[in-house]
Amino acid sequence: MLDKEDSFSGKVLTTPPQLGVVTRFKGLHKEAPAAYTKLLEFISANNLEITDFSREITLIDSGFTSDQNLYVTEIQIPVRQKNE
């Protein structure tokens, strides 16, 4: 993700605004399955359906800290209301 003040000369991918469910978790990627399970339970309980691939965005990793317990990852899953 680029901020306005970032200087980058490569190709930039943009995604359109969309409804989604999001969670963040601390720790390593081995923690991701539990986070996905919670998101899928939320999606099912709220009559939603997944519309695209999930995205995992590392917010804090070894570039910021050597303490793996402080790593933070965000998972985004695009959804829409199911048509009944």
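Up top is the structure.
What you are looking at is a predicted structure, and each value in this text was computed from that prediction instead of being measured.

Rules of the game
Sequence order as written defines the numbering, with residues in each chain counted from 1. With pLDDT at 70 or above as the cut-off, local features in this predicted model cover only qualifying residues; side-chain atom pairs require 80 or more to be listed or tallied, and sums for whole chains, interfaces and linings still use all residues. Side-chain calculation: all heavy atoms of the structure are included, whereas hydrogens and water are not. Every helix listed is a DSSP run of H or I at least four residues long, and every strand listed is a run of E at least two residues long, numbered separately from the N terminus. Taken over C-alpha atoms, the radius of gyration is set against a globule rule of 2.2 Å times the number of residues to the power 0.38. Think of a nonpolar core as a cluster: buried Ala, Val, Leu, Ile, Met, Phe, Trp, Tyr and Cys residues, connected wherever their side-chain atoms sit within 4.5 Å. The classification of residues rests on relative accessible area computed with a 1.4 Å probe and restricted to protein chains. Under 20% of the type maximum is buried, over 50% is exposed, and intermediate values are partly exposed. Residue contacts are defined here by distance: any two heavy atoms, one from each residue, within 4.5 Å place the two residues in contact. When a carboxyl oxygen of Asp or Glu is within 4 Å of a side-chain nitrogen of Lys or Arg, the pair counts as a salt bridge. Paired strands, as defined in this entry, are two strands with at least two bridges between them according to DSSP.

(A) Representation of the overall build of the chain in the model. Each helix and strand counted, the chain has one helix and four strands in total. The order of α-helices and β-strands along the chain, N terminus first, is β-α-β-β-β. Over its C-alpha atoms the chain spans a radius of gyration of 15 Å, topping by over 25% the 12 Å that the globule rule assigns to 84 residues. Projected onto the principal axes, the alpha-carbon positions of the chain cover approximately 45 × 30 × 15 Å.

(B) Geometry of unusual backbone geometry. Even without being a glycine, N47 presents a positive backbone phi close to 55 degrees. In this fold, N47 is placed in the loop between helix 1 (32-45) and strand 2 (48-50).

(C) Molecular detail of the nonpolar core. In terms of nonpolar packing, the biggest core is built from 10 residues, these being V21, F25, A32, A35, L39, I43, L48, I75, I77 and V79. Listed by contribution, the elements that provide at least two residues to this core are strand 1 (20-26), helix 1 and strand 4 (72-81). The element contributing the most residues to this core is helix 1, with four residues. Here L48 is in contact with V21, F42, I43, V79, R80, Q81 and K82, once residues within four sequence places are set aside.

(D) A look at the environment of D52. Take D52: it is sitting in the loop between strand 2 and strand 3 (55-60). Looking at D52, the relative accessible area reads 37%, which means it is partly exposed.

(E) The pattern of salt bridges, seen in detail. Tallying each qualifying case throughout the model produces two salt bridges. A salt bridge links R24 to E74, with the nearest nitrogen and oxygen atoms 2.7 Å apart. Separated by 50 residues along the polypeptide, R24 in strand 1 and E74 in strand 4 bring together distant segments of the chain. A relative accessible area of 55% means that R24 is categorised as exposed. For E74, a relative accessible area of 8% puts it in the buried group.

(F) Layout of the pairing of strand 4. Most of strand 4 is tucked away: seven of the 10 residues are buried. Sheet analysis places strand 1 next to strand 4, joined by seven bridges and oriented antiparallel. For V21, the partnering residue across the bridge sits in strand 4 and is I77. Both strand 3 and strand 4 contribute to a ladder of five bridges, which runs antiparallel. In the sheet register, I57 faces strand 4, and the bridge partner there is E74.

Limitation: the analysis is restricted to geometry and does not speak to function.
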